[in-house]
Amino acid sequence: MATRRTFMAAGLGLATVSLRPSASAQTQPFVLYDDELKNGWQNWSWAKVELTTPAGGAKPIKVQGDPWSALALHHDAFPTTGYTKLTFVINGGQQGGQELAVKAMVDGKPVEASYFIQPKAKTWSRVEVPLKELGAEGKLIDGIAVQGQANAYNAYFITRIQFE
């Protein structure tokens, strides 16, 4: 016959197991930026970047730059196992149409694969980038970059960046 102590011990055991990091725990979003850098992420950009720019009720990152410059966010290397995509919300600013390549970083260098986007002017859009398209599925990565292409680009805004 089970006693109250047995149920309490079983409950505590379950709580301990559920708090232990594991691959299944990675199904929770891993947030890089949402009104500020989160979870140990750092700004390693080589573009003109303003963190926490007030815009309505949010504080997105404002990015503009010269050809090939990028918003680059760095973290200690971590496995992408358990995640399938990188998501973010982006606004092309006053003009939009920036030609941007989303890239994963390994050892501080971009992986060859890219995912190309062109944000719309004055419009917030949610973007989902499959990690397999970045060459980052099931890999150990240490950052992401959103890189302009051969032309200088006007300011765009980006927020709610996370792995899902």
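Reading the values: the criteria
Residues numbered from 1 in each chain as written. Predicted model: local features only at pLDDT ≥ 70, side-chain atom pairs only at ≥ 80, totals over all residues. Heavy atoms only, no water. Helix = DSSP H or I, 4+ residues; strand = E, 2+ residues; numbered from the N terminus. Polar contact = N/O pair within 3.5 Å; in protein donor to acceptor, adjacent residues only side chain to side chain. Contact = heavy atoms within 4.5 Å. Buried < 20%, exposed > 50% of the residue type's maximum accessible area, 1.4 Å probe, protein only. Lys, Arg positive; Asp, Glu negative; His and termini not counted. Salt bridge = Lys/Arg side-chain N within 4 Å of Asp/Glu carboxyl O.

Looking now at the side chain of Ser-69. Structurally, the position occupied by Ser-69 is in the loop between strand 4 (61–65) and strand 5 (70–79). Separated by 2.9 Å, the side chains of Ser-69 and Tyr-153 make a polar contact. Ser-69 has contacts with Trp-46, Ala-47, Val-146, Gln-147, Gly-148 and Tyr-153, leaving out every residue within four places of it along the chain.

The phi torsion at Asn-39 lies on the positive side, around 55°, for a residue other than glycine. Tracing the sequence through the fold places Asn-39 in the loop between strand 1 (30–33) and strand 2 (42–43). The class for Asn-39 is partly exposed, based on a relative accessible area of 47%. With a phi angle near 50°, Arg-160 is a residue other than glycine that sits in the positive phi range. On the secondary structure map, Arg-160 appears in strand 12 (residues 153–163).

The next thing to look at is the side chain of Asp-142. The residue Asp-142 is located in strand 11 (residues 140–148) in this model. Despite its burial, Asp-142 pairs with no opposite charge; the closest candidate is Lys-109, at 9.8 Å N-O. In this structure, Asp-142 is in contact with Leu-73, His-74, His-75, Asp-76, Ala-77, Met-105, Val-106, Asp-107 and Gly-108, ignoring residues within four places of it in sequence.

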